[in-house]
Amino acid sequence: MSRIDRWFEGMSRQSARRVSRRSWLSRFGGVLMGGAALPLLPVARAAEKHQVGEDGVKGREGDPRRCEYWRHCAIDGFLCSCCGGSHTACPPGTEMSPVTWIGTCRNPADGIDYIISYNDCCGKTFCGRCMCNRNEGERPLYHWYRNNDINWCGGAKTQTYSCSTAVVVKAAKEAQPEK
Amino acid sequence: MKGPLLTMGLLLLTLPARADAYEEHDYILNCSGCHRMDGTGSKNVPSLLAMAELLGKPGARAYWVQVPGAAQAPLSDARLAALMNWLVERFAGSKPDPAYTAEEVNRLRSAPLRDPVARRSKIREAIVR
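Please read these numbers as outputs of a predicted model, since none were measured by experiment.

1. Section: the confidence of the model for chain B
A low pLDDT means the predicted coordinates there should not be read in detail.
Residues and elements named next belong to chain B.
Then step 1. Chain-level statistics for chain B give a pLDDT mean of 86 and a share of 82% at 70 or above.
Then step 2. For chain B, the element scoring lowest by mean pLDDT is helix α1 (residues 2-19), at 51; helix α7 (residues 102-109) scores highest, at 97.
Then step 3. Within the model, pLDDT remains below 50 along residues 11-18, and this stretch shows one contact once partners closer than five positions in the same chain are excluded.
Then step 4. Scoring the predicted complex yields pTM 0.73 and, for the interface, ipTM 0.77.

2. What to know about the environment of Val65(B)
Residues and elements named next belong to chain B.
Then step 1. Looking at where Val65 falls in the secondary structure, it is placed in helix α4 (residues 60-66).
Then step 2. Classification of Val65 as buried rests on a relative accessible area of 0%.
Then step 3. Between the C-alpha atoms of Val65 and Ala111, which are 46 residues apart in sequence, the distance is 9.9 Å.
Then step 4. Setting aside residues no more than four positions away along its own chain, Val65 makes contact with Ala70, Ala71, Leu80, Met84, Tyr100, Val105 and Leu108.

3. A few points about the sheet that holds strand β4 (residues 112-118) of chain A
Then step 1. Read from one edge to the other, the open sheet built from three strands follows the order β3-β4-β8 (chain A), with strand pairing classed as antiparallel. The strands lining the two open edges of the sheet, one partner per strand, are β3 (101-107) and β8 (167-171) of chain A. Neighbour to neighbour, the strand axes of the sheet diverge by 35° on average, direction disregarded.
Then step 2. Pairing between β4(A) and β8(A): four bridges, direction antiparallel. Bridging across to β8(A), Ile116(A) finds its partner in Val168(A).
Then step 3. Along the sheet, helix α2 (residues 23-30) of chain B makes contact with β3, β4 and β8 of chain A, crossing β3(A) at roughly 120°.

4. What to know about the packing of helix α6 (residues 77-92) of chain B against α7(B)
Residues and elements named next belong to chain B.
Then step 1. Here α6 crosses α7 at 100°, and the two axes come no closer than 8 Å. The angle between the axes of α6 and α7 places the two elements in the roughly perpendicular class. Across the interface between the two elements, Asp77, Ala78, Leu80 and Ala81 from α6 touch Ala102, Val105, Asn106 and Arg109 from α7.
Then step 2. Classifying every residue of the contact of α6 with α7 gives five nonpolar, one polar and two charged.

5. Some points on the state of the cysteines
All names here are of chain A.
Then step 1. In total, this model carries seven disulfides over all chains according to the counting rule given.
Then step 2. Covalent S-S linkage joins Cys80 and Cys163, the inter-sulfur distance amounting to 2.1 Å. Taking the torsion about the sulfur-sulfur bond, which here is approximately 100°, the covalent link between Cys80 and Cys163 counts as right-handed. Linking Cys80 in the loop between β1 (76-78) and β2 (95-96) with Cys163 in strand β7 (residues 161-164), this pair joins segments that are 83 residues apart in sequence. Judged on exposure class, the residue Cys80 and its partner Cys163 are both buried.

What counts, and where the lines are drawn
- Residues numbered from 1 in each chain as written.
- Chains lettered and ligands numbered in written order.
- Predicted model: local features only at pLDDT ≥ 70, side-chain atom pairs only at ≥ 80, totals over all residues.
- Heavy atoms only, no water.
- pLDDT = per-residue confidence, 0-100.
- Helix = DSSP H or I, 4+ residues; strand = E, 2+ residues; numbered from the N terminus.
- Contact = heavy atoms within 4.5 Å.
- Buried < 20%, exposed > 50% of the residue type's maximum accessible area, 1.4 Å probe, protein only.
- Pairing = 2+ DSSP bridges.
- Axes fitted to C-alpha atoms, helices over the stretch in contact; angles between N-to-C directions.
- Parallel < 35°, antiparallel > 145°, perpendicular 65-115°, else oblique.
- Nonpolar A, V, L, I, M, F, W, Y, C, P; charged D, E, K, R; others polar.
- Disulfide = S-S within 2.5 Å.

Written out as structure tokens, the structure reads:
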């Protein structure tokens, strides 16, 4: 028998003599429950500030299912994060339109303006959940390059609009001048 | 001792120029939504890579600034000139010579095209002077 086996046997026999089974169970249960409660502590929530988003942007992420979320400052549509997708990915069964409406939003976590691409997801009927219509910096239809009432699914295979994403392209050198 | 100092001085001179370079930013915000990041466009939007077909042909230089997307972009003449110099080199494969200036861009964008598609095919067939 190897030395490790003997050592384990010794430890097990020793703990069996000293510790009752109920005591072990109660401690193990305590560790399980305590571990589950850790994220509720303020320490754990403070650590979230440093988390990195799916597209690599640091900062407090907030809730992408809410219209107030910082990336949604110029969005007009249903939030894909409420429709089976996320703020950077389309729901299953839809296709991300290659052409898109682009604007800038300020990230309150670092005070930097980011270029946001509001790619529409196309191919299924409109999602109907989490309508968000903030339109900051939008211009009327005759300024087509700054209008988001256009059906941007025009560039996709099917033109049925389902929902909108808000993907960070990169940090902007200045805020969109129309703001 | 003079060498490193000179290098540092040169670096300091070039840094502000790089920090003020808005070409890529302006491309992403004003062009890439339709022409896409790689310039390939989509079924409704022309590919910028097709600019190479017009390279060196009479009228192409003016046409590129007069197309609605460029002429109507919410950019100053100076920023549009810088963007066009960057964009032509990147997508047509050769720097515009001479480089576009703010004055030239101002003159060109104040004379809009009535039919950009027809103008393009004329330039391509080298009918326009």
